[in-house]
Amino acid sequence: MTHVPIGDMPTEDFRRAGHALIDWIADHLSRLDKIPVLPDVRPGEIRAQLPLEAPEQGESIDDVLADVDRIIMPGMTHWNHPNFMAYFGISSSGPAILGELLSAALNVNAMLWTTCPVATELEKTVMDWLRRMLGLPESFWGMITDSASSSTLQAIAAAREAALDHPVRQKGLFGAPRLRLYTSEQAHSSVEKAAVTLGLGTESVYKIGVDSSYRLDPVLLEQAVTADRQAGLLPFCVVATVGTTSTTSIDPVPAIADICERHNLWLHVDAAYGGSPAIIAEYRHVLAGCDRADSLLVNPHKWLFVPIDCSAFYTRKPAVLKQAFSLVPEYLKTNRDDEVENLMDYGVQLGRRFRALKLWFTIRYFGSRGLGERIRYAIDLAQALAKKIDDHPHFETLAPVPYSTICFRAHPPEIEDESVLDRLNRTLLDNILAGQQLFLSHTRLNGRLALRLAIGNLYTREKHVDQAWKLIQEQWDALYKQMS
């Protein structure tokens, strides 16, 4: 029988490969703007290079690292790239990468205080730091989840728990009143997905219309709640958004909070993208009224330069959250349970990564002021570009720009047919993406196709925004000439 080694990679091999990989990462990050942001691959090309079966005998780490360059990188969309402007900027900063590396090495499960005391206590501390940076009150209790989708799911589950006398934990929703959840028609799809997961169904979600700035209309919300009560439904929760996905609009949270208080509804605020700028004094207003929310989330992995995944979830009612989720089998009981918080009791996950470490590294390295300055820089770049777009005779913005995301389109004055404008802008976007040098996304606003450009990447500078605008204009000029 062939001898197969046991144990881990030899320490010296790990040390050598680790040094090489850190050097590789540093080189990669330093030359991002010299490589295309998008890969030139077709579906299936990458998989065709991979063996059908896993190797029976172990391979050298040198061979594995070589295949990073040969197979992995040619298929990579570079989210750290300065020309990545398609979705919200998700930058993995140097200190956060080091924090993630250390977390992987320590490999703890932060389910119980006892399973790693420092993981729980550091998480509570950095959540308090971030809460104060955002200007939220002391009454907000916080924990870290993987994503906004999970945070929203937990919030709606807690709202359901607070609303129902029915024993939903034991009997499910059979026999319970029919619940109604409200959110903006511009809200993230995670709200509906949470309704599906919790057994409420998409028909329980009432999408409230928006105003001309794509913000939830409180008058329509009040009318919907009143009508649903009269129809025998049980309104129980409103999800407001600070920084909607398409346009980054800010729902009128103070007015929504008034309605929630009058009707005894749980108010959850999704500030995954739009909450982070509140660490800047002049943008503190974006969270106005959020101190009255029952729960709120902000994603450090969206605009605080922490690698995905890291979502900060807060609630003023942690006891209700615990009531919704806590389930402790005998093998997870400890003699410290009366003295500590076991964070597994407040959500879906039992296994919990040490996410607090990378957030701690990032806040300590940049400081609240340094993080704020980087966010402000992105907003300033976007505001300047939005003005250039509106000043151009063939372009227009289609929504306000409260942060650093611009929704715009080409619209030459002689064309008013919306179907023609949609086709032109779709072709313009396709031509831009085909060049692999700039990554934009799109959305639809009032039925109109809009190009969507989001600035927020840690590596994006003024020159990159200027180059992006130049490329957009060049592609448009070529298309317009061809059309003419």
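These numbers come from a predicted model, not from an experiment.

**Points about the sheet that holds strand 11 (residues 448-454)**
Ordered in space as 8-9-11-10, the 4 strands form an open sheet in which the pairing is antiparallel. In this open sheet, the two edge strands, each paired with only one partner strand, are strand 8 (395-397) and strand 10 (441-445). Put simply, the sheet's adjacent strands are angled 40 degrees from each other on average, direction ignored. The sheet contacts of helix 13 (residues 356-391) involve strand 8, strand 9 (405-410) and strand 11, and relative to strand 8 the element is tilted by about 135 degrees.

**Section: the pattern of salt bridges**
A full pass over the atoms with the stated rule returns 32 salt bridges. Measuring nitrogen to oxygen at the nearest pair gives 2.8 Å for the salt bridge that ties Glu418 to Arg409. Here Glu418 falls in the partly exposed class, since its relative accessible area comes to 34%. What makes Arg409 buried here is its relative accessible area of 2%. A network of salt bridges, in which partner residues are shared, links Glu100, Asp309, Arg353, Arg355 and Lys358.

**Quick look at unusual backbone geometry**
At the junction of Ile308 and Asp309, the peptide bond is cis and its omega measures out at 15 degrees in the coordinates. Along the polypeptide, Asp309 turns up in the loop between helix 11 (300-303) and strand 7 (311-315). Of note, Tyr214 is a non-glycine position whose phi angle comes to about 65 degrees, a positive value. Within the fold, Tyr214 resides in the loop between strand 3 (205-208) and helix 9 (218-230).

**A closer look at the sheet that holds strand 1 (residues 141-145)**
Taken in spatial order, the 7 strands line up as 1-7-6-5-4-2-3 in an open sheet, and their pairing is mixed. Across the chains shown, the open sheet's two edge strands, defined by having one partner strand only, are strand 1 and strand 3. On average, adjacent strands in this sheet sit at an angle of 20 degrees to one another, irrespective of strand direction. Looking at chain direction, strand 4 (residues 234-241) and strand 5 (residues 266-270) are connected through 5 bridges and run parallel. Paired with Cys237 across the two strands is Trp266, which belongs to strand 5.

**Let's talk about the layout of surface pockets**
Taken as a whole, the largest pocket spans an internal volume of roughly 1000 Å³. Taken together, 30 residues make up the lining of the largest pocket; nearest its centre are Leu21, Trp24, Ile25, Ile97 and Glu100. Of all the secondary structure elements, the ones that give two or more residues to the lining of the largest pocket are helix 1 (11-30), helix 3 (61-72) and helix 4 (94-106). Broken down by element, the lining of the largest pocket gets its largest block of residues, 9 residues, from helix 1. Here the lining of the largest pocket is composed, by residue class, of 22 nonpolar, 7 polar and 1 charged. Quantified by volume, the second largest pocket comes out at close to 450 Å³.

**Details of the pairing of strand 11**
With 6 of 7 residues buried, strand 11 lies mostly within the body of the structure. The sheet contact formed by strand 9 and strand 11 spans 4 bridges and is antiparallel. By the bridge assignment for strand 11, Phe408 is matched with Leu451. One ladder, built from 5 bridges, connects strand 10 with strand 11; its direction is antiparallel. Across the sheet, Arg444 pairs through a bridge with Leu449, a residue of strand 11.

**Examining helix 8 (residues 190-197)**
Restricting attention to buried positions, one finds in helix 8 the residues Ser190, Val191, Ala194 and Ala195. End-on view of helix 8: buried residues confined to an arc of 145 degrees, all on one side of the axis. For helix 8, exposure combined with an orientation more than 90 degrees from the buried face picks out Lys193, Val196 and Thr197. Considering only its buried residues, helix 8 is in contact with helix 6 (148-163), strand 2 (179-184), strand 3 and strand 4. Positive backbone phi, approximately 80 degrees, marks Gly199, located one or two places after helix 8.

**A word on the nonpolar core**
Core analysis: the largest hydrophobic core is formed by 90 residues, its most contacted members being Leu267, Val269, Leu287 and Leu440. Discounting chain neighbours no more than four positions away, the residues touching Val269 are Ala240, Val242, Val253, Cys290, Ala293, Ser295, Leu296 and Leu297. Counting residues in each nonpolar core, the second largest holds 30 residues, with Ala187, Leu200, Val239 and Tyr346 among its members.

**Points about the packing of helix 13 against helix 15 (residues 462-483)**
When two helices pack together, you describe them by how their axes are tilted relative to each other and by the distance separating the axes. In the contact formed by helix 13 and helix 15, the axes pass within 10 Å of each other and the chain directions differ by 25 degrees. When the interaxial angle is binned, helix 13 and helix 15 end up roughly parallel. Once helix 13 is placed against helix 15, the crossing between them reads as right-handed. Seen from helix 13, the contacting residues are Tyr377, Leu381, Leu385, Lys388 and Ile389; seen from helix 15, they are Glu462, Val465, Asp466 and Trp469. Each residue belonging to the contact of helix 13 with helix 15 can be placed in one class, and the counts come to 6 nonpolar, no polar and 3 charged.

**Topic: the packing of helix 9 against helix 10 (residues 253-263)**
Interhelical geometry of helix 9 versus helix 10 gives an angle of 15 degrees and a closest axis separation of 9 Å. Looking at the two axes, helix 9 sits roughly parallel to helix 10. As helix 9 packs across helix 10, the resulting crossing turns out to be right-handed. Seen from helix 9, the contacting residues are Pro218, Leu221, Glu222, Val225, Thr226 and Arg229; seen from helix 10, they are Ala255, Ile256, Ile259, Arg262 and His263. By residue class, the composition of the contact of helix 9 with helix 10 is 6 nonpolar, 2 polar and 3 charged.

**Observations concerning the environment of Ile72**
With respect to the secondary-structure elements, Ile72 resides in helix 3. Remark: the alpha-carbon pair of Ile72 and Ile46, spanning 26 residues in sequence, is separated by 8.0 Å.

Rules and cut-offs
- Going along each chain's sequence as written, the residues are numbered from 1 onward.
- Owing to the predicted nature of the model, reporting of local features is limited to residues with pLDDT of at least 70; listing and counting of side-chain atom pairs is limited to 80 or more, with chain, interface and lining totals taken over all residues.
- Each side-chain value is worked out from all heavy atoms of the structure, with water and hydrogens disregarded.
- Any two strands with at least two DSSP bridges between them are considered paired.
- Secondary structure is summarised from DSSP: a helix means a run of H or I of at least four residues, a strand means a run of E of at least two, and numbering begins at the N terminus for each.
- Axis geometry follows a simple rule: fit a line to the C-alpha atoms, using only the stretch in contact for helices, then measure angles between N-to-C directions, giving values from 0 to 180 degrees.
- Should any heavy atoms of two residues lie within 4.5 Å, those residues are considered in contact.
- For this analysis, a salt bridge means a side-chain nitrogen from Lys or Arg found within 4 Å of a carboxyl oxygen belonging to Asp or Glu.
- Whether a residue is buried, partly exposed or exposed follows from its accessible area with a 1.4 Å probe, protein chains only, as a fraction of its type maximum: under 20%, in between, or over 50%, in that order.
- Using a 1 Å grid laid over the protein atoms alone, points where a 1.4 Å probe fits but cannot get out form a cavity; open sets with protein on both sides within 12 Å along at least 5 of 7 lines form a pocket; any residue with an atom within 4 Å of a point counts as lining.
- Grid points are joined across faces, edges and corners, and a volume is the space filled by probe spheres set on the points.
- Amino acids are sorted into nonpolar (Ala, Val, Leu, Ile, Met, Phe, Trp, Tyr, Cys and Pro), charged (Asp, Glu, Lys and Arg) and polar (every other residue, Gly among them).
- Throughout, the arc means the angular range of directions from the helix axis out to the C-beta atoms.
- The set of buried Ala, Val, Leu, Ile, Met, Phe, Trp, Tyr and Cys residues whose side-chain atoms join them within 4.5 Å is what this entry labels a nonpolar core.
- An angle below 35 degrees is read as roughly parallel, one above 145 as roughly antiparallel, one from 65 to 115 as roughly perpendicular, and any other as oblique.
- Crossings are classed by handedness, with left-handed meaning an anticlockwise turn of the near helix from the far one by less than a right angle and right-handed meaning a clockwise turn.

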